[in-house]
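Take a look at the letters that make up each chain.
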Amino acid sequence: MLRSYRIALVLLLLLPATLTSAQKKAPLSIHTLRLPAEIADRNNQFSGLFTYGNQLLLLSESRLQERAEAKVYALNLPSLDRQLADTTQALTYQKYAIQHLDMIRARLDSACQEYEGLEGITLVGDTAYFTIETTTPSTYCYLIKGAVHAASATIVLDTDYLVPLPKPALTDNSHIHNAGFEAATGYNKSLLLLFEYNYFRHDNYALRIPNATRLPDIPQYVPVQRLLFRITDLVYEGNNRFTAINYFYNGADDSVYRPTPTDPNARLVLDGSGNYQNYCRLISLHYKRDKISWKPLFELPQEYMTYNWEGLAAYRGGYFLINDKYGPSGKSTLLYLRRR
(Lines give C-alpha, C1' and ligand atoms only; values in the text may rest on other atoms or scores of the structure.)
Protein backbone atom coordinates (compact mmCIF):
# COMPACT_ATOMS: atom_id res chain seq x y z
CA MET A 1 0.00 0.00 0.00
CA LEU A 2 2.73 2.43 0.97
CA ARG A 3 4.65 1.55 -2.21
CA SER A 4 1.59 2.27 -4.38
CA TYR A 5 1.11 5.62 -2.65
CA ARG A 6 4.70 6.61 -3.34
CA ILE A 7 4.42 5.70 -7.02
CA ALA A 8 1.21 7.75 -7.33
CA LEU A 9 2.88 10.71 -5.61
CA VAL A 10 5.86 10.59 -7.99
CA LEU A 11 3.55 10.52 -11.01
CA LEU A 12 1.58 13.46 -9.63
CA LEU A 13 4.75 15.50 -9.16
CA LEU A 14 5.91 14.70 -12.68
CA LEU A 15 2.58 15.56 -14.33
CA PRO A 16 2.85 19.38 -14.32
CA ALA A 17 6.34 19.23 -15.83
CA THR A 18 5.08 16.88 -18.55
CA LEU A 19 2.20 19.18 -19.40
CA THR A 20 4.47 22.22 -19.44
CA SER A 21 6.83 20.48 -21.84
CA ALA A 22 3.98 19.42 -24.12
CA GLN A 23 2.53 22.94 -24.20
CA LYS A 24 5.83 24.66 -24.90
CA LYS A 25 5.36 27.05 -27.81
CA ALA A 26 7.33 26.73 -31.05
CA PRO A 27 10.34 29.09 -31.04
CA LEU A 28 9.31 30.74 -34.32
CA SER A 29 6.10 32.22 -35.70
CA ILE A 30 5.52 31.99 -39.45
CA HIS A 31 4.49 34.86 -41.74
CA THR A 32 3.76 34.60 -45.49
CA LEU A 33 4.95 37.53 -47.59
CA ARG A 34 2.85 38.83 -50.49
CA LEU A 35 5.17 38.74 -53.50
CA PRO A 36 4.82 40.87 -56.66
CA ALA A 37 3.30 38.84 -59.50
CA GLU A 38 6.54 38.81 -61.49
CA ILE A 39 8.43 37.22 -58.59
CA ALA A 40 5.60 34.89 -57.52
CA ASP A 41 5.65 33.23 -60.97
CA ARG A 42 6.52 29.58 -60.35
CA ASN A 43 8.68 29.48 -63.49
CA ASN A 44 11.37 31.43 -61.64
CA GLN A 45 12.16 28.18 -59.78
CA PHE A 46 14.02 29.88 -56.95
CA SER A 47 16.88 27.89 -55.48
CA GLY A 48 18.69 30.17 -53.02
CA LEU A 49 18.47 33.27 -50.79
CA PHE A 50 21.05 35.71 -49.43
CA THR A 51 20.87 39.05 -47.59
CA TYR A 52 23.11 41.64 -49.25
CA GLY A 53 23.16 45.17 -47.86
CA ASN A 54 19.51 46.27 -47.65
CA GLN A 55 18.35 43.59 -50.11
CA LEU A 56 17.18 39.99 -49.99
CA LEU A 57 18.55 38.24 -53.07
CA LEU A 58 16.43 35.51 -54.69
CA LEU A 59 18.34 33.20 -57.03
CA SER A 60 16.49 31.77 -60.00
CA GLU A 61 17.70 28.38 -61.21
CA SER A 62 18.30 30.16 -64.54
CA ARG A 63 17.64 27.02 -66.59
CA LEU A 64 19.16 28.15 -69.89
CA GLN A 65 18.23 24.84 -71.53
CA GLU A 66 14.59 25.88 -71.06
CA ARG A 67 15.32 29.39 -72.40
CA ALA A 68 14.97 30.87 -68.92
CA GLU A 69 16.54 34.23 -68.14
CA ALA A 70 19.73 34.22 -66.04
CA LYS A 71 18.77 36.47 -63.12
CA VAL A 72 18.68 37.27 -59.44
CA TYR A 73 15.80 39.27 -57.95
CA ALA A 74 16.47 41.64 -55.06
CA LEU A 75 13.67 42.48 -52.62
CA ASN A 76 14.10 45.66 -50.61
CA LEU A 77 14.49 44.65 -46.94
CA PRO A 78 12.86 47.84 -45.53
CA SER A 79 9.80 47.09 -47.70
CA LEU A 80 9.76 43.54 -46.30
CA ASP A 81 9.81 45.02 -42.79
CA ARG A 82 6.89 47.28 -43.68
CA GLN A 83 4.82 44.40 -45.05
CA LEU A 84 5.55 42.27 -41.99
CA ALA A 85 4.15 45.11 -39.88
CA ASP A 86 1.27 45.89 -42.28
CA THR A 87 0.22 43.23 -44.81
CA THR A 88 -1.27 45.85 -47.16
CA GLN A 89 2.18 47.27 -47.92
CA ALA A 90 3.70 46.38 -51.30
CA LEU A 91 7.22 45.06 -51.78
CA THR A 92 9.77 46.93 -53.88
CA TYR A 93 12.38 45.08 -55.89
CA GLN A 94 14.86 45.09 -58.74
CA LYS A 95 16.35 42.45 -61.00
CA TYR A 96 20.03 41.70 -61.55
CA ALA A 97 20.87 40.19 -64.93
CA ILE A 98 23.56 37.50 -64.78
CA GLN A 99 25.95 38.02 -67.68
CA HIS A 100 28.12 35.40 -69.44
CA LEU A 101 26.35 32.35 -67.98
CA ASP A 102 25.81 31.14 -71.54
CA MET A 103 29.59 31.16 -72.10
CA ILE A 104 30.17 29.09 -68.97
CA ARG A 105 27.47 26.65 -69.99
CA ALA A 106 29.23 26.24 -73.35
CA ARG A 107 32.45 25.31 -71.50
CA LEU A 108 30.57 22.63 -69.56
CA ASP A 109 29.05 21.27 -72.75
CA SER A 110 32.50 21.02 -74.34
CA ALA A 111 33.64 18.98 -71.30
CA CYS A 112 30.60 16.65 -71.61
CA GLN A 113 29.19 17.98 -68.32
CA GLU A 114 25.54 18.92 -68.80
CA TYR A 115 24.35 22.17 -67.21
CA GLU A 116 21.09 21.89 -65.28
CA GLY A 117 20.79 25.15 -63.30
CA LEU A 118 22.09 27.46 -60.58
CA GLU A 119 21.46 26.08 -57.08
CA GLY A 120 23.43 27.96 -54.41
CA ILE A 121 24.23 31.64 -53.88
CA THR A 122 26.47 33.43 -51.39
CA LEU A 123 28.46 36.66 -51.39
CA VAL A 124 31.85 37.68 -50.06
CA GLY A 125 31.93 41.47 -50.23
CA ASP A 126 30.60 42.44 -53.66
CA THR A 127 31.51 39.12 -55.25
CA ALA A 128 28.68 36.66 -55.81
CA TYR A 129 29.36 32.91 -55.86
CA PHE A 130 27.01 30.40 -57.44
CA THR A 131 27.00 26.61 -57.53
CA ILE A 132 25.99 24.93 -60.77
CA GLU A 133 24.10 21.65 -60.69
CA THR A 134 24.65 19.25 -63.56
CA THR A 135 22.64 16.26 -64.74
CA THR A 136 22.93 13.09 -62.66
CA PRO A 137 25.43 11.22 -64.90
CA SER A 138 27.85 14.20 -64.93
CA THR A 139 30.95 13.72 -62.78
CA TYR A 140 31.19 17.29 -61.50
CA CYS A 141 29.17 20.20 -60.21
CA TYR A 142 30.80 23.63 -60.47
CA LEU A 143 31.47 26.83 -58.55
CA ILE A 144 31.49 30.15 -60.41
CA LYS A 145 31.71 33.80 -59.34
CA GLY A 146 30.82 37.27 -60.59
CA ALA A 147 31.07 40.93 -59.65
CA VAL A 148 27.87 42.64 -58.48
CA HIS A 149 27.30 46.04 -60.12
CA ALA A 150 24.44 47.81 -58.37
CA ALA A 151 24.39 50.81 -60.72
CA SER A 152 23.76 48.68 -63.82
CA ALA A 153 21.85 45.94 -61.94
CA THR A 154 24.13 43.24 -63.34
CA ILE A 155 26.24 40.39 -62.04
CA VAL A 156 29.15 39.94 -64.45
CA LEU A 157 30.55 36.42 -64.28
CA ASP A 158 34.29 35.77 -64.41
CA THR A 159 34.57 33.26 -67.25
CA ASP A 160 38.04 32.18 -66.09
CA TYR A 161 36.77 31.13 -62.64
CA LEU A 162 35.29 27.65 -62.94
CA VAL A 163 35.96 25.29 -60.02
CA PRO A 164 35.02 21.62 -60.58
CA LEU A 165 33.37 20.01 -57.55
CA PRO A 166 33.54 16.20 -57.73
CA LYS A 167 30.23 14.58 -56.84
CA PRO A 168 30.34 12.01 -54.01
CA ALA A 169 29.22 8.62 -55.32
CA LEU A 170 27.76 5.38 -54.03
CA THR A 171 30.00 2.35 -53.65
CA ASP A 172 29.04 1.19 -57.17
CA ASN A 173 30.23 4.63 -58.46
CA SER A 174 26.72 5.70 -59.40
CA HIS A 175 25.54 9.20 -58.50
CA ILE A 176 22.61 10.28 -56.35
CA HIS A 177 19.68 11.31 -58.55
CA ASN A 178 19.46 15.08 -59.09
CA ALA A 179 21.94 15.84 -56.29
CA GLY A 180 24.57 18.57 -56.24
CA PHE A 181 26.31 21.06 -53.96
CA GLU A 182 23.08 22.99 -53.35
CA ALA A 183 24.07 24.68 -50.09
CA ALA A 184 26.74 27.39 -50.17
CA THR A 185 27.73 30.07 -47.69
CA GLY A 186 30.61 32.44 -47.13
CA TYR A 187 32.27 32.75 -43.73
CA ASN A 188 35.55 34.29 -42.57
CA LYS A 189 36.45 34.99 -46.24
CA SER A 190 36.10 31.27 -46.96
CA LEU A 191 33.34 29.27 -48.64
CA LEU A 192 31.59 26.17 -47.30
CA LEU A 193 29.66 23.97 -49.73
CA LEU A 194 27.43 21.09 -48.63
CA PHE A 195 26.32 18.27 -50.87
CA GLU A 196 22.60 17.58 -51.04
CA TYR A 197 22.94 13.94 -49.88
CA ASN A 198 24.91 13.13 -46.70
CA TYR A 199 23.79 9.61 -45.78
CA PHE A 200 26.48 7.54 -47.43
CA ARG A 201 27.56 4.49 -45.44
CA HIS A 202 31.14 5.48 -46.22
CA ASP A 203 32.44 9.08 -46.12
CA ASN A 204 30.20 12.14 -45.98
CA TYR A 205 31.91 15.46 -46.48
CA ALA A 206 31.52 19.14 -47.28
CA LEU A 207 33.94 21.19 -49.37
CA ARG A 208 35.77 24.21 -47.95
CA ILE A 209 37.53 26.79 -50.08
CA PRO A 210 39.80 28.80 -47.75
CA ASN A 211 40.53 31.69 -50.12
CA ALA A 212 37.55 32.41 -52.32
CA THR A 213 39.33 35.19 -54.23
CA ARG A 214 41.51 32.85 -56.29
CA LEU A 215 41.20 29.48 -57.93
CA PRO A 216 42.02 26.68 -55.47
CA ASP A 217 44.10 23.71 -56.56
CA ILE A 218 41.88 21.27 -54.65
CA PRO A 219 38.95 22.15 -52.32
CA GLN A 220 39.43 20.90 -48.77
CA TYR A 221 37.29 17.95 -47.64
CA VAL A 222 35.48 18.40 -44.30
CA PRO A 223 33.83 15.30 -42.72
CA VAL A 224 30.10 15.67 -42.03
CA GLN A 225 28.18 13.69 -39.38
CA ARG A 226 25.87 11.29 -41.23
CA LEU A 227 22.59 13.06 -41.95
CA LEU A 228 19.26 11.92 -43.37
CA PHE A 229 17.29 13.83 -46.03
CA ARG A 230 18.40 16.64 -48.33
CA ILE A 231 20.40 19.76 -47.49
CA THR A 232 19.04 22.47 -49.78
CA ASP A 233 20.50 25.71 -48.39
CA LEU A 234 22.86 26.95 -45.71
CA VAL A 235 23.50 30.22 -43.84
CA TYR A 236 26.37 31.24 -41.56
CA GLU A 237 25.33 32.35 -38.06
CA GLY A 238 28.77 33.22 -36.60
CA ASN A 239 31.15 31.36 -34.24
CA ASN A 240 31.54 28.48 -36.72
CA ARG A 241 27.81 27.71 -36.53
CA PHE A 242 25.45 27.39 -39.46
CA THR A 243 21.74 26.80 -40.06
CA ALA A 244 20.48 24.64 -42.94
CA ILE A 245 17.27 23.38 -44.53
CA ASN A 246 16.91 19.62 -44.04
CA TYR A 247 14.17 18.48 -46.42
CA PHE A 248 12.66 15.13 -47.41
CA TYR A 249 10.78 14.97 -50.70
CA ASN A 250 8.71 11.83 -51.18
CA GLY A 251 9.27 11.33 -54.89
CA ALA A 252 9.69 8.06 -56.78
CA ASP A 253 13.13 9.15 -58.02
CA ASP A 254 14.22 10.12 -54.50
CA SER A 255 13.86 6.74 -52.80
CA VAL A 256 17.54 6.85 -51.82
CA TYR A 257 16.58 9.49 -49.22
CA ARG A 258 14.03 7.22 -47.55
CA PRO A 259 15.02 5.72 -44.20
CA THR A 260 14.13 2.06 -43.79
CA PRO A 261 11.03 1.45 -41.62
CA THR A 262 13.30 0.10 -38.87
CA ASP A 263 15.42 3.28 -38.82
CA PRO A 264 14.56 5.35 -35.68
CA ASN A 265 14.28 8.44 -37.91
CA ALA A 266 11.59 6.82 -40.06
CA ARG A 267 8.95 8.12 -37.63
CA LEU A 268 9.61 11.61 -39.04
CA VAL A 269 8.50 10.68 -42.56
CA LEU A 270 6.06 7.78 -42.16
CA ASP A 271 2.35 8.34 -41.61
CA GLY A 272 0.07 6.08 -39.58
CA SER A 273 -0.38 3.75 -42.54
CA GLY A 274 3.34 3.33 -43.15
CA ASN A 275 3.43 5.63 -46.21
CA TYR A 276 6.26 8.11 -46.76
CA GLN A 277 5.36 11.81 -46.62
CA ASN A 278 7.24 15.07 -47.17
CA TYR A 279 9.07 16.54 -44.20
CA CYS A 280 11.08 19.70 -43.46
CA ARG A 281 13.06 21.08 -40.55
CA LEU A 282 15.89 23.50 -39.89
CA ILE A 283 19.04 22.09 -38.34
CA SER A 284 22.02 23.69 -36.64
CA LEU A 285 25.53 22.72 -37.76
CA HIS A 286 28.78 23.23 -35.87
CA TYR A 287 32.16 23.25 -37.62
CA LYS A 288 34.67 22.26 -34.94
CA ARG A 289 37.96 20.32 -34.91
CA ASP A 290 37.90 19.95 -38.71
CA LYS A 291 34.51 18.23 -38.84
CA ILE A 292 30.83 19.21 -38.98
CA SER A 293 28.23 17.96 -36.51
CA TRP A 294 24.53 18.83 -36.41
CA LYS A 295 21.39 18.84 -34.27
CA PRO A 296 17.68 19.56 -34.97
CA LEU A 297 16.60 23.18 -34.56
CA PHE A 298 13.00 23.71 -35.69
CA GLU A 299 10.40 21.50 -37.37
CA LEU A 300 8.02 23.25 -39.77
CA PRO A 301 4.27 22.94 -39.08
CA GLN A 302 2.41 20.31 -41.08
CA GLU A 303 0.86 22.76 -43.58
CA TYR A 304 4.35 23.73 -44.81
CA MET A 305 5.75 20.22 -45.23
CA THR A 306 4.67 19.77 -48.86
CA TYR A 307 6.56 22.81 -50.17
CA ASN A 308 9.97 22.12 -51.68
CA TRP A 309 11.99 24.63 -49.63
CA GLU A 310 15.16 25.62 -51.48
CA GLY A 311 16.33 28.98 -50.10
CA LEU A 312 17.28 30.15 -46.59
CA ALA A 313 18.55 33.51 -45.27
CA ALA A 314 18.99 34.70 -41.69
CA TYR A 315 17.51 38.10 -40.80
CA ARG A 316 17.03 39.83 -37.44
CA GLY A 317 17.13 36.64 -35.43
CA GLY A 318 14.70 34.84 -37.77
CA TYR A 319 14.81 33.30 -41.24
CA PHE A 320 13.45 33.80 -44.73
CA LEU A 321 12.45 30.61 -46.59
CA ILE A 322 11.50 30.24 -50.25
CA ASN A 323 10.36 27.27 -52.34
CA ASP A 324 11.00 26.45 -55.96
CA LYS A 325 7.95 25.84 -58.16
CA TYR A 326 6.70 22.88 -56.09
CA GLY A 327 4.09 23.32 -53.37
CA PRO A 328 0.34 23.59 -52.83
CA SER A 329 0.30 27.33 -53.57
CA GLY A 330 1.31 26.72 -57.20
CA LYS A 331 3.70 29.68 -57.07
CA SER A 332 6.81 31.01 -55.38
CA THR A 333 6.12 31.33 -51.66
CA LEU A 334 8.31 33.41 -49.32
CA LEU A 335 8.03 32.92 -45.57
CA TYR A 336 9.55 34.79 -42.66
CA LEU A 337 10.12 32.74 -39.52
CA ARG A 338 10.19 35.20 -36.63
CA ARG A 339 11.46 34.36 -33.16
CA ARG A 340 8.72 34.73 -30.56
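It should be noted that the structure appears before, not after, this text.
Residues numbered from 1 in each chain as written. Predicted model: local features only at pLDDT ≥ 70, side-chain atom pairs only at ≥ 80, totals over all residues. Heavy atoms only, no water.

## Comments concerning the packing of aromatic side chains
Applying the stated criterion across every chain yields a total of 20 aromatic pairs. Taking 6.2 Å as the distance between ring centres and 50° as the angle between the ring planes, the aromatic pair formed by Phe248 and Tyr276 counts as tilted. Placement of Phe248 in strand S17 (residues 241–248) and of Tyr276 in the loop between S17 and strand S18 (279–288) is noted, with a sequence separation of 28 residues between them. Geometrically, the ring pair formed by Phe320 and Tyr336 is tilted, given 4.9 Å between the ring centres and 50° between the ring planes. Placement of the pair is Phe320 in strand S21 (residues 318–323) and Tyr336 in strand S22 (residues 334–339), with a sequence separation of 16 residues. The exposure classification of Phe320 matches that of Tyr336, with both residues buried. Three or more aromatic residues joined by ring pairs make a cluster, and in this case those are Tyr187, Tyr236, Phe242 and Tyr287. Above the plane of the ring of Tyr199 lies Arg226, whose end atom (NZ or CZ) is 3.6 Å from the centre. (Phe/Tyr/Trp six-rings, centres within 6.5 Å; stacked < 30°, edge-to-face > 60°. Helix = DSSP H or I, 4+ residues; strand = E, 2+ residues; numbered from the N terminus. Buried < 20%, exposed > 50% of the residue type's maximum accessible area, 1.4 Å probe, protein only. Lys NZ or Arg CZ within 6 Å of the ring centre and 35° of its normal.)

## With respect to helix H3 (residues 77–85)
The set of residues buried in H3 consists of Leu77, Ser79, Leu80, Gln83 and Leu84. Buried positions in H3, seen along its axis, are confined to an arc of 155° and lie on one side of it. Those residues of H3 that are buried are in contact with strand S1 (28–32), strand S3 (55–60), strand S4 (71–76), strand S20 (309–315), S21 and S22. (Arc of directions from axis to C-beta. Contact = heavy atoms within 4.5 Å.)

## Regarding helix H4 (residues 101–110)
Within H4, the full set of buried residues consists of Leu101, Ile104 and Leu108. Looking straight down H4, one finds that the buried residues subtend no more than 65° of arc, so they occupy a single side. Turned more than 90 degrees away from the buried face of H4, the exposed residues are Asp102 and Ser110. Where H4 is buried, its residues touch strand S5 (93–99), strand S6 (115–124), strand S7 (127–134), strand S8 (140–149) and strand S9 (154–157). At the exit of H4 stands Cys112, carrying a positive phi of roughly 60°.

Shape is all these values report; function is a separate question.
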